[in-house]
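# Chain and residue survey
Residues per chain, in single letters:
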Amino acid sequence: MEIDPLIFRLSIFILAIFVGYYVVWSVTPSLHTPLMSVTNAISSVIIVGAIIAGLSGNSDSIFDTSSIFGFLAIALAAINIFGGFLVTQRMLAMYKKKKKDK
Amino acid sequence: MEIDPLIFRLSIFILAIFVGYYVVWSVTPSLHTPLMSVTNAISSVIIVGAIIAGLSGNSDSIFDTSSIFGFLAIALAAINIFGGFLVTQRMLAMYKKKKKDK
Amino acid sequence: MISANLSAIFYLFSGVLFILALRGLSSPETSRQGNLFGILGMIIAVTVTFLSIGNFSNGFVFVLIFILAGGAIGAFIAYKIPMTAMPELVAGFHSLVGLAAVFVAISAFLNPEAFKLGTPGNIKLGSLIEMSIGAAVGAITFSGSVIAFLKLQGIMSGSPITFKGQHPLNAIILSSIILLIYLLCSTQSPNFFWILLAVSFLIGFLIIIPIGGADMPVVISMLNSYSGWAAAGIGFTLENTALIITGALVGSSGAILSYIMCKGMNRSFFNVILGGFGATEETLSGSKNNEQRPVKSGNADDAAFLMKNASSVIIVPGYGMAVAQAQHALREMVDTLKKNDIKVSYAIHPVAGRMPGHMNVLLAEANVPYDEVFELEEINNDFANADVAFVIGANDVTNPVAKTDPQSPIYGMPVLDVEKCKSVLFVKRSLSPGYAGIDNDLFYKENTLMLFADAKKMTEDITKNLD
Amino acid sequence: MISANLSAIFYLFSGVLFILALRGLSSPETSRQGNLFGILGMIIAVTVTFLSIGNFSNGFVFVLIFILAGGAIGAFIAYKIPMTAMPELVAGFHSLVGLAAVFVAISAFLNPEAFKLGTPGNIKLGSLIEMSIGAAVGAITFSGSVIAFLKLQGIMSGSPITFKGQHPLNAIILSSIILLIYLLCSTQSPNFFWILLAVSFLIGFLIIIPIGGADMPVVISMLNSYSGWAAAGIGFTLENTALIITGALVGSSGAILSYIMCKGMNRSFFNVILGGFGATEETLSGSKNNEQRPVKSGNADDAAFLMKNASSVIIVPGYGMAVAQAQHALREMVDTLKKNDIKVSYAIHPVAGRMPGHMNVLLAEANVPYDEVFELEEINNDFANADVAFVIGANDVTNPVAKTDPQSPIYGMPVLDVEKCKSVLFVKRSLSPGYAGIDNDLFYKENTLMLFADAKKMTEDITKNLD
Ligand SMILES: NC(=O)c1ccc[n+]([C@@H]2O[C@H](COP(=O)([O-])OP(=O)(O)OC[C@H]3O[C@@H](n4cnc5c(N)ncnc54)[C@H](OP(=O)(O)O)[C@@H]3O)[C@@H](O)[C@H]2O)c1
Ligand SMILES: NC(=O)c1ccc[n+]([C@@H]2O[C@H](COP(=O)([O-])OP(=O)(O)OC[C@H]3O[C@@H](n4cnc5c(N)ncnc54)[C@H](OP(=O)(O)O)[C@@H]3O)[C@@H](O)[C@H]2O)c1
């Protein structure tokens with residue numbers, strides 16, 4: 001009579017969709033471009049899968065087919081993570097309020 | 001290496017708090033009174049626990065101490081459920097738009 | 001009997017329906033559908049519980065009987081209660097949720113096998129912690145709500161009951177609760193469980209008595225929030241997703257409403273909870289200097305004359321309208337004004353009345369269409385262009401001192417700029433102050449006319465004079 | 001090596017940090033902190049993954065090398081990319097996420113033991129389904145984003161590529177994907193897996209080529225949404241909460257942005273996706289009757305004169321400003337105007353430019369403070385009181401035909417009421433239409449002065465003439 005973890009994950013997924021819905025609608029329109037780049041960056045958390053894949057080879061053959069795909073995925077995800085967060089930061093740094101002393 | 005279901009429940013709880021935060025802020029101020037009564041009603045979903053408690057006695061002694069508390073809890077929760085939803089409905093039915101033909 | 005997986009899915013579904021129920025309240029159009037979602041969610045949760053127990057013994061009949069008995073009482077109350085009594089009703093209902101949570105926790109403690117939590121004297125540690133937190137919070141919710149209910153009903157005096165050493169005492173009791181939970185978990189002894197409950201009931205009582213009757217709405221919201229967290233605690237014990245989700249929703253809702261109220265009154269939450277506001281202030285500044293200054297007062301005829309010659313009127317209802325139950329009379333007056341081609345709208349301050357949305361419900365009850373009713377931000381600029389502000393039973397929410405005097409307790413609270421209208425009519429029974437207990441300079445202004453009378457009576461008289 | 005429970009908690013925490021990252025974007029003040037939350041969440045997720053594998057073999061070094069190599073490339077791109085190239089950048093990055101998802105799925109398929117999903121040829125059914133959906137969606141995201149990138153970069157022609165039987169062909173391919181997933185799950189044969197991937201790449205390509213280059217922003221958002229769902233799919237396979245939460249967040253974000261864009265253009269999502277808009281319309285109505293009617297055109301001197309005598313100017317930037325990279329020149333012009341005590345504000349239409357928030361980023365880049373920049377609803381009433389509307393490289397977003405002509409493709413789209421200003425200046429190179437390919441009546445109005453030139457050059461000239 002244990003509950004299948006899949007059902008918990010489904011619950012988490014559904015609630016996260018609600019959170020996503022509300023959190024994105026609350027983003028101010030002037031930051032929609034940074035929103036696109038930051039979602040890009042966070043969706044690269046798929047790198048956790050890539051790391052598992054990369055380290056899946058045994059110690060003799062680090063580079064079997066499956067781990068090579070893993071390493072490639074790591075590199076691709078890393079481009080996105082660094083690129084996405086940094087370009088977002090660069091953009092956000094530009095949004096300034098009027099200086100008071102003017 | 002199985003994950004404890006408690007952690008899943010914790011995840012669900014935390015995400016539900018986010019959802020609650022956003023969903024309540026999106027309630028229009030003119031409906032804050034119905035909000036209070038409807039949250040009252042739904043929090044009485046604790047009746048599911050009361051039902052388990054009420055039916056916990058064995059078939060010989062339906063009314064042992066623990067099931068009596070269960071039955072009392074059922075009645076209390078039921079007052080709330082019916083009372084809460086119906087009074088909310090009564091209130092909401094009063095919110096009307098201006099008639100077009102005026 | 002259905003599988004644990006299937007019932008988990010249905011509980012999730014009912015949790016989602018509860019989310020949709022609250023979501024529906026984002027506008028009056030969708031709100032009725034939202035309420036139906038809530039009802040559906042509840043039906044699903046209850047049905048699934050039956051099916052997953054699967055034991056349709058005699059007990060089942062009794063469950064139905066108790067549901068129907070409770071339901072009948074609830075339905076009866078729901079249909080009889082006047083709209084002006086909503087604050088009391090909500091407080092009363094909260095006390096029931098709290099008590100139900102306590103009873104469920106007791107039952108689970110006595111008979112843990114039924115809940116699959118272990119055996120008596122040997123309950124799983126995690127479950128025991130969750131259960132005792134749920135029971136303690138439930139007990140606090142119960143006794144606190146009962147006091148709130150009694151104060152709002154006027155059965156108990158609304159003035160704060162304070163005594164020396166109150167705050168240290170509360171602090172000691174609160175820490176003893178933590179100690180008791182610890183002892184309970186390490187010994188599993190029922191005695192500690194009962195003491196825990198008793199102490200929790202006591203602290204609920206002690207926390208609320210020092211708070212003035214008029215602050216009860218904030219208290220009610222806070223207790224609403226507590227009842228949510230209690231439900232979530234029991235939800236963890238019962239491993240029930242619907243309860244966990246609902247608990248989180250209700251918990252946030254109560255917390256946010258308290259926050260909105262405190263913000264609308266420009267007071268901190270702690271200021272409210274630490275109590276003693278209602279009485280002291282009132283005696284302090286109530287009789288400052290309102291005797292000396294001259295006021296212009298008028299009668300229904302004067303008011304009717306002023307309004308007849310206006311082209312636009314803004315109505316500002318407040319707590320006094322609720323007390324006098326003047327909403328229907330007001331609506332009739334407005335109908336007459338409209339027949340004379342006068343533009344009328346309603347301005348509602350976020351904390352007008354005594355609970356959030358109070359005025360809106362009363363106006364809705366009197367069939368005022370909600371698109372004639374505006375929030376403070378929507379309408380505040382229109383006062384400058386309106387001819388008459390008709391302030392009926394409101395006081396604090398119009399007090400300009402909030403804008404000008406940093407010493408005032410309501411300084412910084414947003415207020416309705418009624419003084420910008422060409423003339424201001426104030427319907428109230430005397431010059432006595434409102435909830436915040438401070439004098440209102442507007443009463444003595446050049447363009448103000450005071451209409452001293454009960455709000456309902458005065459409105460009816462004006463309507464007669466309008467014809 | 002840490003326990004599954006502990007890592008689950010950390011993954012949850014990193015999911016929550018991602019939520020807070022998006023939440024930060026609700027205002028510019030909190031946005032930078034939000035981005036830090038996002039970075040922190042990512043660091044936690046990666047670290048926890050290392051710790052939970054716990055196998056610090058040689059492979060670990062290679063992981064670091066690949067992360068640093070990818071990171072260096074990413075950082076390089078992030079610092080070099082001009083702000084005007086944001087749409088391309090986002091498209092390019094999406095393609096990488098899609099491809100990474102495909103690679104992870106391939107790796108999991110080849111070596112399911114490493115992911116605890118079973119053995120090759122005997123993968124758990126649930127995991128196989130999740131995995132193949134993740135792989136298919138990832139592949140579609142990849143090839144679709146590549147086409148979008150090529151179209152935006154101008155490497156591939158932006159005009160829609162259509163051929164007969166396109167829609168039926170796509171429908172057949174899409175159903176074959178479902179069939180392939182079914183076959184894969186029932187036979188576990190690698191062949192079906194590879195065919196599935198190939199077909200998914202193909203359909204991503206086929207879906208995007210008929211869509212015009214200018215519609216790419218909607219496509220990018222849609223693909224963003226896809227990449228989120230792909231991540232969630234892989235998250236289910238890997239039983240990873242962080243991935244599931246993130247997938248849901250990104251999925252909703254992309255869907256909502258596409259919705260906002262479609263709504264801002266007053267077109268249905270299907271109208272965009274079924275393609276063929278860009279070209280046909282343009283040729284259809286582009287040369288309707290703009291030759292015959294007289295226009296008043298002026299030079300930088302005239303414009304400077306008009307603005308010098310104005311007391312308030314509203315700037316309306318559009319796509320042309322981005323093309324000409326005129327934002328810095330514009331900012332200098334505004335500085336000069338301000339020195340002459342002229343009130344200046346910026347009005348941004350929700351779909352000005354070519355991606356959501358496009359204009360805001362460019363203005364921010366040029367150091368325009370964001371509290372001088374207003375959304376359509378905030379500023380649209382102010383045009384009536386302003387002296388000059390300075391429309392720079394915008395066209396469709398000012399077109400009054402959206403308010404008047406139900407036949408027009410943009411009918412119903414909200415537009416900026418620039419024509420209510422005393423005078424309107426249009427900076428553009430010709431009378432040719434904008435994105436929607438329809439003529440703009442404002443060009444021929446009495447109070448309009450056309451300034452035919454490149455936006456940057458014209459702005460610089462005006463600044464010179466203002467001194
Ligand atoms: N809405 C909420 O959520 C909430 C919650 C907690 C606290 N509060 C507080 O409640 C106050 C609400 O302001 P408010 O302007 O609505 O009310 P108020 O400032 O409390 O004033 C109400 C006025 O109504 C008059 N009144 C009472 N009974 C009347 C009757 N039968 N006929 C005519 N007049 C009558 C009273 O004057 P007379 O005695 O002279 O007739 C009194 O001055 C604020 O201070 C707010 O902070 C609100
Ligand atoms: N923002 C979004 O998310 C988004 C997404 C998809 C589609 N869209 C669509 O994009 C359009 C945006 O409207 P918009 O008013 O910003 O742009 P627009 O209507 O496309 O007009 C841009 C104008 O800029 C002029 N221009 C181009 N290069 C120039 C240069 N170097 N110097 C001066 N002027 C130049 C062009 O006229 P000349 O050729 O005569 O110079 C053109 O008429 C809307 O139709 C919207 O639906 C927006």
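Residues numbered from 1 in each chain as written. Chains lettered and ligands numbered in written order. Predicted model: local features only at pLDDT ≥ 70, side-chain atom pairs only at ≥ 80, totals over all residues. Heavy atoms only, no water.

## Observations concerning the pattern of salt bridges
Residue and element names in this part refer to chain C.
- This structure, assessed with the given rule, holds 18 salt bridges over all chains.
- As a salt-bridge pair, D417 and K420 come within 3.5 Å of each other at their nearest N and O atoms.
- The exposure class of D417 is buried, given its relative accessible area of 11%.
- Among the ionic contacts, a cluster of salt bridges with common partners joins K403, D417, E419 and K420. (Salt bridge = Lys/Arg side-chain N within 4 Å of Asp/Glu carboxyl O. Buried < 20%, exposed > 50% of the residue type's maximum accessible area, 1.4 Å probe, protein only.)

## Describing the site of ligand 1
Residue and element names in this part refer to chain C.
- Not every one of the 31 residues close to ligand 1 is listed here, only the nearest: N395, D396, R429, S430 and A455.
- In this structure, N395 approaches ligand 1 through a main-chain N or O atom, which is 2.7 Å from an oxygen atom.
- In the complex, the protein chains occlude 96% of the 910 Å² of accessible area that ligand 1 would expose alone.
- The set of elements that each furnish at least two residues to the shell around ligand 1 consists of α9 (241-265), α13 (319-324) and β7 (423-428).
- Sort the elements by how many residues they give to the shell around ligand 1 and α13 lands first, with four residues.
- Split by residue class, the shell around ligand 1 holds 18 nonpolar, eight polar and five charged. (Near = heavy atom within 4 Å. Polar contact = N/O pair within 3.5 Å; in protein donor to acceptor, adjacent residues only side chain to side chain. Areas by Shrake-Rupley, 256 points an atom, 1.4 Å probe, with all protein chains shown as cover. Helix = DSSP H or I, 4+ residues; strand = E, 2+ residues; numbered from the N terminus. Nonpolar A, V, L, I, M, F, W, Y, C, P; charged D, E, K, R; others polar.)

## Section: the packing of helix α2 (residues 32-43) of chain B against helix α4 (residues 86-110) of chain C
- Here α2(B) crosses α4(C) at 20 degrees, and the two axes come no closer than 10 Å. One element, α2(B), and the other, α4(C), form an angle in the roughly parallel class. Here α2(B) runs over α4(C); the crossing is left-handed. For the pair formed by α2(B) and α4(C), the contact residues are T33(B), M36(B), N40(B) and S43(B) on the first element and M86(C), V90(C), F93(C), H94(C) and V97(C) on the second.
- Residue classes in the contact of α2(B) with α4(C) are distributed as five nonpolar, four polar and no charged. (Axes fitted to C-alpha atoms, helices over the stretch in contact; angles between N-to-C directions. Parallel < 35°, antiparallel > 145°, perpendicular 65-115°, else oblique. Left-handed = near helix turned anticlockwise from the far one by under 90°. Contact = heavy atoms within 4.5 Å.)

## Considering the interface of chain B and chain D
- Listed by partner, the interface residues are eleven residues for chain B and eleven residues for chain D.
- With both chains or domains summed, chain B and chain D bury close to 1100 Å², and 77% of this area falls on carbon and sulfur atoms.
- Seen at the junction of chain B and chain D, the total is zero salt bridges.
- On inspection of chain B and its partner chain D, the count reaches three residue pairs in polar contact (both at pLDDT 80 or more).
- Of the residues in the side of chain B that touches chain D, the class split is eight nonpolar, one polar and two charged. (Buried area = accessible area lost by both parts, 1.4 Å probe.)

## Comments concerning the site of ligand 2
All names here are of chain D.
- Of all residues adjacent to ligand 2, which total 31 residues, the nearest are R354, N395, D396, R429 and S430.
- Interatomic distance of 3.0 Å between a side-chain N/O atom of K428 and an oxygen atom of ligand 2.
- Contact between ligand 2 and S430: an oxygen atom at 2.7 Å from a side-chain N or O atom of the residue.
- If ligand 2 stood free it would expose 920 Å²; the protein chains cover 96% of that surface.
- Elements supplying a minimum of two residues to the shell around ligand 2: α13 (319-324) and β7 (423-428).
- Among the elements that make up the shell around ligand 2, the one with the highest residue count is α13 (four residues).
- For the shell around ligand 2, the per-class residue count stands at 18 nonpolar, eight polar and five charged.

## Remarks on the sheet that holds strand β3 (residues 312-317) of chain C
Residue and element names in this part refer to chain C.
- Taken together, six strands build an open sheet; the order of strands is β5-β4-β3-β6-β7-β8 and the sheet is parallel. The open sheet terminates on both sides in strands that have one partner only, identified here as β5 (373-375) and β8 (448-452). The average undirected angle you get between the axes of adjacent strands in this sheet is 25 degrees.
- The strands that helix α12 (residues 300-308) touches are β3, β6 (388-392), β7 and β8; relative to β7, the one it contacts most, it runs at about 145 degrees.
- Its contacts with the sheet place helix α14 (residues 327-339) against β3, β4 (343-348) and β6, and it is angled at close to 145 degrees to β4. (Pairing = 2+ DSSP bridges.)

## Remarks on the pairing of β7(D)
Residue and element names in this part refer to chain D.
- Of all six residues that make up β7, six are buried, and the element is covered over most of its length.
- A two-sided burial pattern is seen for β7, the buried positions comprising S423, L425 and V427 on one face and V424, F426 and K428 on the other.
- Of the pairings in the sheet, the one linking strand β6 (residues 388-392) to β7 comprises five bridges and is parallel in character. By the bridge assignment for β7, V388 is matched with S423.
- Pairing of β7 with strand β8 (residues 448-452), which is carried by five bridges, proceeds in the parallel orientation.

## Some points on the sheet that holds β8(D)
All names here are of chain D.
- Pairing is parallel across the open sheet formed by six strands, whose spatial order is β5-β4-β3-β6-β7-β8. Every other strand in the sheet has two partners, leaving β5 (373-375) and β8 as the edge strands with one partner each. Along the sheet, successive strands turn relative to each other by an average axial angle of 25 degrees, direction set aside.
- Against the sheet, helix α12 (residues 300-308) contacts β3 (312-317), β6, β7 and β8, and its axis sits at roughly 145 degrees relative to β7.
- On top of the sheet, helix α14 (residues 327-339) reaches β3, β4 (343-348) and β6; it is set at about 145 degrees to β4, its chief contact.

## Remarks on the packing of helix α4 (residues 86-110) of chain D against helix α7 (residues 190-208) of chain D
Residue and element names in this part refer to chain D.
- Axis separation between α4 and α7 bottoms out at 11 Å; the angle between their running directions is 175 degrees. Viewed along their axes, α4 and α7 adopt a mutual orientation that is roughly antiparallel. When α4 is examined against α7, the residues L99, V102, A105, I106, F109 and L110 are found in contact with a partner set consisting of P190, F193, W194, L197 and F201.
- Class assignment for the residues of the contact of α4 with α7 results in eleven nonpolar, no polar and no charged.

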